[in-house]
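Take a look at the letters that make up each chain.
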Amino acid sequence: MFRFIVDDNALMQLGWPHVQGSSLAVPLVATDAARYRKMLDEFNAISAARPYLNHCTIACSVGAQVFGVTLNDLRTRPNRDILASRQKIMAFAKVATGASYHQIARSFNIDHSAVIRACERYEAFIRRVLAEEVG
């Protein structure tokens, strides 16, 4: 596997959120974009089939499945390995459902300020990726 190292400024131009550290592998961006598209497809399918279900809960469960983590991992105090996935799923839930920070926080069993931080970090990138698919 080839790894292309790009500095933080180049990632910011791509719409990637600020990452602490000096470099990041670019293929990760493409992988996350594919994950968000798959999550949106599954979210829309489940929401259409069962409109009575809580949409934040649907986004949480679809995200857990796509990122390969358990719902219990997302709803308990995360370790370092789970934290980024959890933040990405919370930001996706905001984009997909349009729910308030408090509603999303209840689905993840956390404080709404954690949802705000996740959205500040990942929401713009998710919106851009999903808008490319539509456009």
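Residues numbered from 1 in each chain as written. Predicted model: local features only at pLDDT ≥ 70, side-chain atom pairs only at ≥ 80, totals over all residues. Heavy atoms only, no water.

### Concerning the overall build of the chain
Right, so step 1: A count of helices and strands for the chain gives 7 helices and 2 strands.
Right, so step 2: A burial count over the chain gives 41% of its 135 residues as buried.
Right, so step 3: Across the chain, every contact between residues at least 6 apart in sequence was considered, and the portion connecting residues at least 24 apart equals 56%.
Right, so step 4: Summed over its atoms, the accessible surface of the chain is roughly 7800 Å², and 52% of this surface lies on carbon and sulfur atoms. (Helix = DSSP H or I, 4+ residues; strand = E, 2+ residues; numbered from the N terminus. Buried < 20%, exposed > 50% of the residue type's maximum accessible area, 1.4 Å probe, protein only. Contact = heavy atoms within 4.5 Å. Areas by Shrake-Rupley, 256 points an atom, 1.4 Å probe, with all protein chains shown as cover.)

### A word on the packing of aromatic side chains
By convention here, two paired aromatic rings are described through the distance between centres and the angle between planes.
Right, so step 1: Evaluated as defined, the whole model comprises 3 aromatic pairs.
Right, so step 2: Residues Phe43 and Phe92 carry aromatic rings whose centres are separated by 6.4 Å and whose planes lie at 90° to one another, so their mutual orientation is edge-to-face. You can see Phe43 sitting in helix H2 (residues 27–49) and its partner Phe92 sitting in helix H5 (residues 80–97), a full 49 residues away along the chain.
Right, so step 3: Accessibility expressed as a relative area gives 0% for Phe92, which makes it buried.
Right, so step 4: The ring of Tyr101 carries the charged tip of Lys94 above its face, separated from the ring centre by 4.7 Å. (Phe/Tyr/Trp six-rings, centres within 6.5 Å; stacked < 30°, edge-to-face > 60°. Lys NZ or Arg CZ within 6 Å of the ring centre and 35° of its normal.)

### Remarks on helix H6 (residues 101–108)
Right, so step 1: Every buried residue of H6 is accounted for by Ile104, Ala105, Ser107 and Phe108. Taken around the axis of H6, the buried residues stretch over an arc of 160°, which confines them to a single face.
Right, so step 2: Once H6 finishes, Asn109 follows within two positions and takes phi at roughly 60°, a positive value. (Arc of directions from axis to C-beta.)

### Quick look at the packing of helix H3 (residues 55–67) against H6
Right, so step 1: Viewed as axis vectors pointing N to C, H3 and H6 meet at an angle of 50°, and their least axial separation amounts to 9 Å. Between H3 and H6, the angle falls in the class oblique. As for how H3 packs across H6, the hand of that crossing is right-handed. Contacts between H3 and H6 pair Cys56, Thr57 and Cys60 from the former with Gln103, Ile104, Ser107 and Phe108 from the latter.
Right, so step 2: Looking at side-chain class alone, the contact of H3 with H6 contains 4 nonpolar, 3 polar and no charged residues. (Axes fitted to C-alpha atoms, helices over the stretch in contact; angles between N-to-C directions. Parallel < 35°, antiparallel > 145°, perpendicular 65-115°, else oblique. Left-handed = near helix turned anticlockwise from the far one by under 90°. Nonpolar A, V, L, I, M, F, W, Y, C, P; charged D, E, K, R; others polar.)

### Section: the nonpolar core
Right, so step 1: Formed by 34 residues in total, the largest nonpolar core has its most connected members in Tyr36, Met39, Leu74, Phe92, Ile104 and Ile126.
Right, so step 2: For this core, the secondary structure elements donating two or more residues are H2, H3, H5, H6 and helix H7 (112–134).
Right, so step 3: For Met39, the residues in contact, after removing those within four places along its chain, are Val62, Gly63, Val66, Phe67, Ile89 and Phe92. (Core = buried A, V, L, I, M, F, W, Y, C linked by side-chain atoms within 4.5 Å.)

### Side note on the state of the cysteines
Right, so step 1: Taken as a whole and judged by the stated rule, the model has 0 disulfides.
Right, so step 2: For Cys56, which is in no disulfide, the shortest distance to another cysteine sulfur is to Cys60 and amounts to 9.1 Å. (Disulfide = S-S within 2.5 Å.)

### Notes on the environment of Ile58
Right, so step 1: Turning to its location among the elements, Ile58 is positioned in helix H3.
Right, so step 2: Once the C-alpha coordinates of Ile58 and Ser107 are considered, the two residues, 49 residues apart in sequence, prove to be 9.4 Å apart.
Right, so step 3: Those residues in contact with Ile58 that lie beyond four places of it in its chain are Phe43, Ile46, Ser47, Arg50 and Leu53.

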